[in-house]
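Overview (structure and organization)
Read off the chains here:
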Amino acid sequence: MGLLAKVVERVSDHPVLFIFCRSLLENDFRAIRAMIRRDLRVGQGLRTLDLGCGPGAFADLFDGDDYVGADLNARYIDHARRHRKGTFLVSDARSVDLPDGRFDQVLIFGLLHHLSDLDARAVLAEARRLLVPGGRILVIEDIPAISKLNLIGHLIHNIENGEYIRPPDEYRKLYSENVSIAREEVLQSGICDYYAAVLVK
Ligand SMILES: C[S@@+](CC[C@H](N)C(=O)[O-])C[C@H]1O[C@@H](n2cnc3c(N)ncnc32)[C@H](O)[C@@H]1O
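None of these values were measured; they are calculated from a predicted model.

1. Some words on the sheet that holds strand β7 (residues 192–200)
Backbone hydrogen bonds hold the strands of a sheet together, and the pairing may be parallel or antiparallel. Strand order across the open sheet formed by seven strands is β3-β2-β1-β4-β5-β7-β6, with mixed pairing between neighbours. Either end of the sheet is taken by a strand with one partner, and the two such strands are β3 (87–90) and β6 (180–189). The mean inter-strand angle of the sheet, taken between neighbouring strand axes irrespective of direction, is 15°. As paired elements, strand β1 (residues 48–51) and strand β2 (residues 67–71) share four bridges and run parallel to each other.

What follows is the structure, given as structure tokens:
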């Protein structure tokens, strides 16, 4: 691993620095937050699961009583528990120790591009299991930078440890094995490009 990649990994592991750097690169997550507000029901008593929630940067959009965040990184979860409302679990998104049909909606943001097809399938199957029939998943995942001029975007993807950044077609194929795609969109958040899809069980 190169020096720059090591620095990025160290910075990423620190919850405050992680949130700060990403907010800077992503224009305070304005586009992402607007999309979450539009495609998920926020503050309406619906039970929400945030899979791969990191330090809980989006927990404030939901009612704390109805929000559960799950992430493998215990440092992120510890930070989220101290700074956000909601319930936070250190858990692998491929297997969450909660009953079937526990949630009305699931948010997955920036998780699947860290996972192989096999693991991404397991996460999607788990999200499906945890949803009520008719429940929805909003999944927003990194795609290769669209503009050749977006040098910082290309650089970040090269050094970030997201080894499975896919073009939209590949995500689409994975999703349609499990659930139906109700809506999809390519969007820009600061200097990052994403493929977003609303999946319905
Ligand atoms: C790019 S971060 C996104 C975090 C958060 N969704 C956000 O946007 O701030 C990816 C997250 O996925 C988590 N992660 C990676 N593999 C995981 C797994 N198998 N189960 C749960 N979380 C995982 C990492 O710990 C990290 O917090």
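Once the structure has been displayed, the description carries forward.
2. Details of the packing of helix α2 (residues 15–25) against helix α4 (residues 74–83)
The contact between α2 and α4 brings their axes to 9 Å, and the two run at 85°. Taken together, the axes of α2 and α4 are roughly perpendicular relative to one another. Here P15, V16, F18 and I19 of α2 lie close against α4, whose contacting residues are R75, Y76 and H79. Partitioning the contact of α2 with α4 into residue classes produces five nonpolar, one polar and one charged.

3. Thoughts on the nonpolar core
Formed by 28 residues in total, the largest nonpolar core has its most connected members in L51, I108, L112 and Y175. Sorting the residues of this core by element identifies β1, β2, β4 (103–109), α5 (117–130), β5 (131–142), α7 (168–176) and β7 as the ones contributing at least two each. In terms of residue count, α5 provides more of this core than any other element does, five residues in total. Beyond its immediate stretch of four places on either side in the chain, L112 contacts A120, V123, L124, V139, E141, Y164, R166, Y171 and Y175. Core analysis: the next-biggest nonpolar cluster, separate from the first, contains 24 residues, A57, Y67, L187 and A196 among them.

The rules behind the values
- Residues numbered from 1 in each chain as written.
- Predicted model: local features only at pLDDT ≥ 70, side-chain atom pairs only at ≥ 80, totals over all residues.
- Heavy atoms only, no water.
- Pairing = 2+ DSSP bridges.
- Helix = DSSP H or I, 4+ residues; strand = E, 2+ residues; numbered from the N terminus.
- Axes fitted to C-alpha atoms, helices over the stretch in contact; angles between N-to-C directions.
- Parallel < 35°, antiparallel > 145°, perpendicular 65-115°, else oblique.
- Contact = heavy atoms within 4.5 Å.
- Nonpolar A, V, L, I, M, F, W, Y, C, P; charged D, E, K, R; others polar.
- Core = buried A, V, L, I, M, F, W, Y, C linked by side-chain atoms within 4.5 Å.
- Buried < 20%, exposed > 50% of the residue type's maximum accessible area, 1.4 Å probe, protein only.

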